[in-house]
Structures are given as structure tokens and as C-alpha cells.
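# A look at the structure
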Amino acid sequence: MLARKIDINWHPELSIYASEPFLKAVSDEYGWLGGFSDSGTLRCILPYTIIRKAAVFRLVRFRVETIPVNGNLDISEEKSFLNSATGYFRSIGADMIIPATTNTIFHTYPDGAVAAPYGTYIIDLTQTEETLWSGLHSSHRRKVRLALKQGIEIRNSLDDLRIAYELVRDTFKRSNMGFMDYEEFNRYVYSLKDNVKVLIACYKDAVQGCVVIPFSLYSAYYVYGGSISKPQTGATNLLHWEAIRLFHEMGVKSYDFVGVRIKPESGTKQEGLMHYKQRFGGKLVQGYMWKQAFSPVKFALYNLAVSRQRGGDIVDQERHKLGTI
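Residues numbered from 1 in each chain as written. Predicted model: local features only at pLDDT ≥ 70, side-chain atom pairs only at ≥ 80, totals over all residues. Heavy atoms only, no water.

### Quick word on the overall build of the protein
Along its length, the protein carries 10 helices and 14 strands. For 325 residues, the compact-globule estimate of 2.2 N^0.38 gives 20 Å, and the C-alpha radius of gyration of the protein, at 20 Å, lies within 12% of that figure. Principal-axis analysis of the C-alpha atoms gives the protein an extent of 60 × 45 × 40 Å. Within the span of the protein, comprising 325 residues, buried residues form 50% of the whole. Counting contacts in the protein only where the partners sit at least 6 residues apart, residues at least 24 apart contribute 72% of the total. Element-wise, carbon and sulfur atoms account for 49% of the exposed surface of the protein, whose accessible area totals about 15,200 Å². Positive and negative charge centroids in the protein, built from 40 and 33 side chains respectively, lie 6 Å apart. (Helix = DSSP H or I, 4+ residues; strand = E, 2+ residues; numbered from the N terminus. Rg over C-alpha atoms; globule rule 2.2 N^0.38 Å. Buried < 20%, exposed > 50% of the residue type's maximum accessible area, 1.4 Å probe, protein only. Contact = heavy atoms within 4.5 Å. Areas by Shrake-Rupley, 256 points an atom, 1.4 Å probe, with all protein chains shown as cover. Lys, Arg positive; Asp, Glu negative; His and termini not counted. Charge placed at Lys NZ, Arg CZ, Asp CG, Glu CD.)

### A few points about the pairing of strand β10 (residues 206-214)
It is a general feature of regular strands that their side chains alternate between the two faces of the sheet. With seven of its nine residues buried, β10 lies for the most part within the structure. Where strand β9 (residues 196-203) lies against β10, eight bridges are found, and the strand directions are antiparallel. From the neighbouring strand, Cys202 faces β10, where its bridge partner is Val207. Linking β9 to β10, which pair antiparallel, is a turn of two residues; within it Lys204 sits at a positive phi near 50 degrees. (Pairing = 2+ DSSP bridges.)

### Notes on the packing of helix α4 (residues 138-150) against helix α7 (residues 235-250)
How two helices pack is summed up by the angle between their axes together with the distance between the axes. Between α4 and α7, whose axes approach to 8 Å, the crossing angle comes to 100 degrees. In terms of orientation, α4 and α7 fall into the roughly perpendicular class. Residue-level inspection shows His140, Lys143, Val144, Ala147 and Leu148 of α4 in contact with α7, the latter providing Ala235, Asn237, Leu238 and Trp241. Looking at the contact of α4 with α7 residue by residue, the classes come out as six nonpolar, two polar and one charged. (Axes fitted to C-alpha atoms, helices over the stretch in contact; angles between N-to-C directions. Parallel < 35°, antiparallel > 145°, perpendicular 65-115°, else oblique. Nonpolar A, V, L, I, M, F, W, Y, C, P; charged D, E, K, R; others polar.)

### Quick notes on the packing of aromatic side chains
With the rule as written, the count across this model stands at 27 aromatic pairs. When the centroid spacing of 5.0 Å and the interplanar angle of 75 degrees are considered together, the rings of Tyr48 and Phe89 count as edge-to-face. Here Tyr48, found in strand β3 (residues 42-53), pairs with Phe89, found in helix α2 (residues 75-91); they are 41 residues apart in sequence, far enough to count as distant. For the pair Tyr48 and Phe89, a shared accessibility class is recorded, and that class is buried. On the numbers, 6.3 Å between centres and 40 degrees between planes, the contact of Phe247 with Tyr255 is tilted. For Phe247, a relative accessible area of 0% gives the class buried. For Tyr255, a relative accessible area of 0% puts it in the buried group. Members of the aromatic cluster, connected to one another through ring pairs, are Tyr17, Phe22, Tyr165, Phe172, Phe179, Tyr182, Phe185, Tyr188, Tyr221 and Tyr224. Positioned above the aromatic ring of Phe36 is the side chain of Arg4, whose terminal nitrogen or guanidinium carbon lies 3.8 Å from the ring centre. The side chain of Arg162 reaches across the aromatic face of Tyr182, ending 3.7 Å from its centre. (Phe/Tyr/Trp six-rings, centres within 6.5 Å; stacked < 30°, edge-to-face > 60°. Lys NZ or Arg CZ within 6 Å of the ring centre and 35° of its normal.)

### Brief notes about the environment of His320
Inspection of the secondary structure puts His320 in the segment after α10 (314-318). Judged by relative accessible area, which is 62%, His320 ranks as exposed. Each C-alpha atom of the pair His320 and Val258 lies 21 Å from the other, and the pair is 62 residues apart in sequence. Within the structure, His320 has its side chain in polar contact with the backbone oxygen of Gln317 (distance 3.3 Å). (Polar contact = N/O pair within 3.5 Å; in protein donor to acceptor, adjacent residues only side chain to side chain.)

### Comments concerning the environment of Asp111
Considering the arrangement of structural elements, one finds Asp111 in the loop between β6 (96-97) and β7 (114-124). On the accessibility criterion, Asp111 (46% relative accessible area) is partly exposed. Taking the C-alpha atoms as reference points, Asp111 and Lys79, 32 residues apart in sequence, are found 8.0 Å from one another. Look past the residues within four positions of Asp111 in its chain and what remains in contact with it is Lys79, Asn83 and Gln292.

### Topic: the side chain of Ser84
Mapping Ser84 onto the fold places it in helix α2. Given a relative accessible area of 19%, Ser84 falls into the buried group. For Ser84, the contacting residues outside a window of four places in its chain are Met1, Leu2 and Ala3.

### Things to note about the sheet that holds β10
Spatially, the four strands line up as an open sheet ordered β8-β9-β10-β12, and their pairing is antiparallel. The strands lining the two open edges of the sheet, one partner per strand, are β8 (153-156) and β12 (224-227). Across the sheet, the mean angle from the axis of one strand to that of its neighbour is 15 degrees, orientation sign disregarded. The pairing of β8 with β9 spans four bridges and is classified as antiparallel.

### Notes on the pattern of salt bridges
In this structure the tally under the stated criterion is 15 salt bridges. The salt bridge partner of Asp111 is Lys79, with a shortest N-O separation of 3.5 Å. Taken together, the residues span a long stretch of sequence, with Asp111 in the loop between β6 and β7 and Lys79 in helix α2 at a distance of 32 residues. Across the pair Arg245 and Glu242 runs a salt bridge whose closest N-O atoms are separated by 2.8 Å. With Arg245 and Glu242 both in helix α7 and three residues apart, this pair spans about one turn of that helix. The exposure class of Glu242 is partly exposed, given its relative accessible area of 22%. In this structure, a network of salt bridges that share partners links the residues Glu129, Glu242, Arg245 and Glu249. (Salt bridge = Lys/Arg side-chain N within 4 Å of Asp/Glu carboxyl O.)

Dropping the structure here:
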């Protein structure tokens, strides 16, 4: 498989994270790589962005995984493509590939990469609403019914963007995590134009929580969520159920809960988050997150910086589980 740069030709059957308006909103340098077979047939697409840091680092970051075209890719084809893709990025002077965004689950990784297992729960929205409802765990169904009985309402409007931002920011803060400023968040959302939904749960006019979900016909992504510290019971469950119903009615093919750790430690917050997402009835899709160095010195500096800031990136934190999938 040979990787080479191709023109961006996005359509709604592809991930919204492959679209040019989105890629342009998150980076000044971006594009698509195409993967070509020996016969010259385009077999896959890999959108990418390049981030410049401190006028010294050129970091490649993927916003969506390899997208097959003209039939599915097998593991050996994707690995061959990724090997060629890393050669391309090395040739244009990139310093490294850093871990992708958490909606991005690769089926394999290139030679020489540092990899870790990662996964996500994805609901097939092509099923009937009755089947989707029955797929919810009984505890989730009970909480959705309770929320409806209590009169919790779901609003669907970009007019609530500032409210959503503050909920997400404060939720991150409670976990000692930073979040982008409002101007960056606003730019992110409006780059998606008509391909994003912001849903807010309210109880007696008091905001309880929110979800921010980019989408195309390809998939809807639960990319950001937030809540007050003690939301009304069932509010967040109802938010997701109404989002699932909405995207099902719109003809979107899947609902992606965007990232879970594989075999999280018992009793941890990560285990609780995994069970919460699992109980909406999605299928666990397992794969890999990875990173790769082209400049060993700069790669070492990057690793040192993220280790000091947050105890390492997702690959550092999960790489010890590599043999588990």
C-alpha cells in the first residue's frame, strides 16, 4: 500500500471529522492521505492535522481513524498503509505523531510505534427504536422513565452553547483537567455548521447537564458532556436516550460514546465510566491508540512535558495493557 496526499472530497457518508471545515478549524495545516493498492486503486483515506507548538515542534494528530473505501481493509493492508503514511510525514519534516483524539480507534499501528489498547462503545442506529430501547440496561431504562416522570426536559439548540460550555468546563475542572477557552470551543462548534447538536437537560428551569455531539450520516460522536455536581437522577441518562432517538430519526448510522479504557482497574472512575457507556447497549469496538517519533530528541521532550503536566498521555497510561487484546 502506498500513501500519498489526495484532494479532500468529503460527503455526509464520511465522518464529520474528515470534513475540511472541521480540519481547518483545528489546524492551519491539514489534509487527506490516500492509500493505494499495487494496481493504483484507492483503498482508504486518512485525514490528518499538523499542530505547531512553540515554533519548534511539528506534531501530526489524527482526528479520525483510517477510513476504508472500495471494500473493507484487512489488518495487513492497514498496517502497510500506516507504514507508508509515517514515511510521508517523516519526509515533510514532522517531528512525531502524537496520540489521536479519543474518537479515533485504529485497528493496527505502524512498525516502530508506541501503542496501547483502547476502545469505544458504538450503538447501531439502523435498528428499530424498540430494539434500541430494549438494548438499554434495565437500570438505564428505569432512570430514563424516572426523568420523564419528574418532568425533566431536553432542549436542542445552539442558543445554549455558552451554558453547555460552562457545564463541560466545570465538569473537567472537578476532575482536575483543563479545558479549552470559550472562543476556541465556539470556533470548534461552529466549524461543524449544521453537523452538531447541543442538548441540555433542565429540571424546573434549572440546568442539569448537556451533551455536545458532532455528526454526519456516518456517525454521531458523544465528544463532550457535562453536568452540575449533583444532577437530578436520570437527567444524563435521558440526555443520551433522546440523542439516540434524534440521530436514529435523522438516519445517522451509529452513536459513538467516544472512548473507553480496556480492562480499567476495579473501583476506579474509569471503570464506572465504562459501565455507564456499556449499559446503553452499544458494542465494544477494540483497537489501538499510538504515537511515533521522527525526531528522538523532540519526542523525548514531548514525553517529558506531558508526563509533568498530566502523568503521561493516553498511550503512556495504557501501554502496559498492550497484550490484553
